[in-house]
Amino acid sequence: MAHLCSQVLSTSFFTPKPQIPVLLSPGVACVKSFHQYRFLHIKAMQDGKFATPTSCDESKVRVPHVLTVAGSDSGAGAGIQADIKACAARGVYCSTVITAVTAQNTVGVQGVNIVPEDFVAEQLRSVLSDMPPNVVKTGMLPSTGIVKTLCQSLKEFPVQALVVDPVMVSTSGHTLAGPSILDSFREELLPMADIVTPNLKEASALLGGVPLETIADMRSAAKAIHDIGPRNVLVKGGDLPASLDAVDVFYDGNDFYEFRSSRIMTPNTHGTGCTLASSVAAELAKGSQMLSAVKVAKRYVEAVLSYSKNIAIGGGCQGPMDHLLKLKSNVQRRRFDPCDLFLYAVTDSRMNKKWGRSIVDAVKAAIEGGASIIQLREKEVETGDFLEAAKACLKICRVHGVPLLINDRIDVALASDADGVHIGQSDMPAHVARALLGSDKIIGVSCKTPEHAQQAWIDGADYIGSGGVYPTNTKENNKTIGLDGLKTVCVSSKLPVVAIGGIGMSNAQAVMQLGVPNLKGVAVVSALFDRECVMTETRKLLEVLKESTKIAK
Ligand SMILES: Cc1ncc(COP(=O)(O)OP(=O)(O)O)c(N)n1
Ligand SMILES: Cc1nc(C(=O)O)sc1CCOP(=O)(O)O
Ligand SMILES: [Mg+2]
């Protein structure tokens, strides 16, 4: 018996191990009959027979590509629709061969219409002959004929990896592929698979109905399924009785790994199996090794489950998940509005310390006082503390619809998912910040001259901060440009401008009454934060600013 080593992995902690390469050597491939396909596969690779895109334009970028061969779910929680969304969320192109059209919703499956075998074959030919995927992922394969057709196509058009999700029963208990297909699974499909991902019921069915009730049973099942031929097996224990944690067992033919994650209590679990298998396929398509593909895919599914736990779609009790959580958070975020610059509060760690306030308390008070945008300018805080503070402030800012920017630290902005950054002339160039942060984040740049302002616009900034309008003690060796300098920058700028430097109650009106184009507000540090009551000072300054706009009219 092979030496078996056991590892427990929480999905947030993982010790890398040497990986078996995705392909076995031809020598190993001959050991068992199921390796006949693998042998063909290796030979195809050695002979350079994996199809390559017909286009010979080298300037085009190849994208990782998964082909899913599965059933359509009209409710879009599972099946083809889940596969497309999961691949999109993981940054991978997804083509589709539809094996069945199901009428489904959150209550259950109302009908199944199987696509004729020859039309499945035609879809396979269309995709495989023209746009070869890196990885094929299978879901609902409702007939023996379709399984055989698929296996035949894969022999004709080998791909780099095959992920088999042996879908048999829907979440609601509806049979999607009956026992008649089990033989073709065991004899033809599984021996070709790089990984198979059964849940407990499917693992039991593949093994002739053995009961699976413990983690020990799952390990035995993983090994027995591995003996059928797939190179890796992931037995999913989500339905394991009496288990608080969700435990999945992964077996690669040598070692066992347990993936543990705390159970997310939600009815919105429809499509988790499809999503996990598609995510594994997507990671493989990007070039990951199998174990790390499984680990990353599990993390993604956990994040989606957690994100979707309270969403309400449909009246039944098998709700779908929302795969595109990243897009969703972008949609929820309000776009930058230049009016946000009206009363711009910039924090300062030294001042907070002096007055015995936390960053979070300072931000809360400024928002309560009416600040329209917040910048965390925390020059003396450790990175870890800065990140925690940014996350905590972000929660408050989101509740009030106030954008939160991070001074200088693009890494902290990214890690906290803050709304953007403010950077200076000696910080990361704004075009690099834009490339790192993407199109939706707010980028502000400090500009003392029209040339700076022009460059900020070219680099894709959203606004500029211009100063020092007056001398300041907050920033050492800061050049004062005065009201005239501010005016020159504002007139030349194509971007909205916020004035900064030595601005407070006594002079804010003079700044706003310059009446120059693009000037949208004032940015203030000491006049708000080097004071006993931040909220009161913010309120007072807001009144002054409002008053000055009335006078300007
Ligand atoms: C709104 C606003 N304008 C200007 C600055 C100054 O940024 P920078 O020149 O990078 O100097 P530091 O703030 O990093 O010392 C700002 N922070 N905010
Ligand atoms: C952070 C900063 N940037 C400046 C610039 O001129 O770009 S002046 C400044 C400090 C502003 O603090 P206070 O409101 O306390 O004067
Ligand atoms: Mg800076």
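An unreviewed UniProt entry annotates the protein as thiamine phosphate synthase of Solanum pennellii. Among the UniProt annotations of the protein, the heading Cofactor (unreviewed entry) holds the following wording: "Mg(2+)".

**Looking at the pairing of strand E17 (residues 497-500)**
Here strand E16 (residues 463-466) runs beside E17; their pairing, made up of three bridges, is parallel. Counted as the bridge partner of Gly 465 is Val 498 from E17. For the crossover from E16 across helix H18 (residues 482-492) to E17, the handedness is right-handed. Bridging between E17 and strand E18 (residues 519-524) involves four bridges; their strand directions are parallel.

**Let's talk about the packing of aromatic side chains**
Under the criterion given, the structure shown has five aromatic pairs. Plain terms: the ring middles of Phe 250 and Phe 259 are 6.4 Å apart, the flat faces sit at 75° to each other, and that makes the pair edge-to-face. Neither Phe 250 nor Phe 259 differs from the other in exposure class; each is buried. Considering the side-chain rings of Phe 336 and Tyr 463, the 6.0 Å spacing of their centres and the 35° angle between planes classify their relative orientation as tilted. With Phe 336 in the loop between helix H11 (325-332) and strand E11 (343-346) and Tyr 463 in strand E16, the pair connects residues that are 127 residues apart, well separated along the chain. Considered together, Phe 336 and Tyr 463 belong to a single accessibility category, that of buried residues. Joined through ring pairs, the aromatic side chains of Phe 250, Tyr 257 and Phe 259 make up one cluster. In this arrangement the basic side chain of Lys 494 is found over the ring face of Trp 457, its NZ or CZ atom lying 4.3 Å from the centre.

**Observations concerning the coordination of the magnesium ion (ligand 3)**
At 2.0 to 2.2 Å from the magnesium ion (ligand 3) lie its protein donor atoms, namely Asp 408 (OD) and Asp 427 (OD). With a gap of 19 residues between them, Asp 408 in the loop between strand E13 (404-407) and helix H15 (410-416) and Asp 427 in the loop between strand E14 (420-423) and helix H16 (430-437) connect regions that are remote in the sequence. Taking relative accessible area as the criterion, Asp 408 reaches 25% and is therefore assigned partly exposed.

**A word on the environment of Ala 303**
Examined against the element boundaries, Ala 303 turns out to sit in helix H10 (residues 290-308). In this structure, the C-alpha to C-alpha distance between Ala 303 and Leu 325, residues 22 residues apart in sequence, is 8.6 Å.

Rules used throughout
Residues numbered from 1 in each chain as written. Chains lettered and ligands numbered in written order. Predicted model: local features only at pLDDT ≥ 70, side-chain atom pairs only at ≥ 80, totals over all residues. Heavy atoms only, no water. UniProt positions renumbered as here; feature names shortened; annotations may be inferred. Pairing = 2+ DSSP bridges. Helix = DSSP H or I, 4+ residues; strand = E, 2+ residues; numbered from the N terminus. Right-handed = clockwise from strand over helix to strand, strands pointing away. Phe/Tyr/Trp six-rings, centres within 6.5 Å; stacked < 30°, edge-to-face > 60°. Buried < 20%, exposed > 50% of the residue type's maximum accessible area, 1.4 Å probe, protein only. Lys NZ or Arg CZ within 6 Å of the ring centre and 35° of its normal. Donors = N, O, S within 2.8 Å, 3.2 Å for Na, K, Ca; no water.

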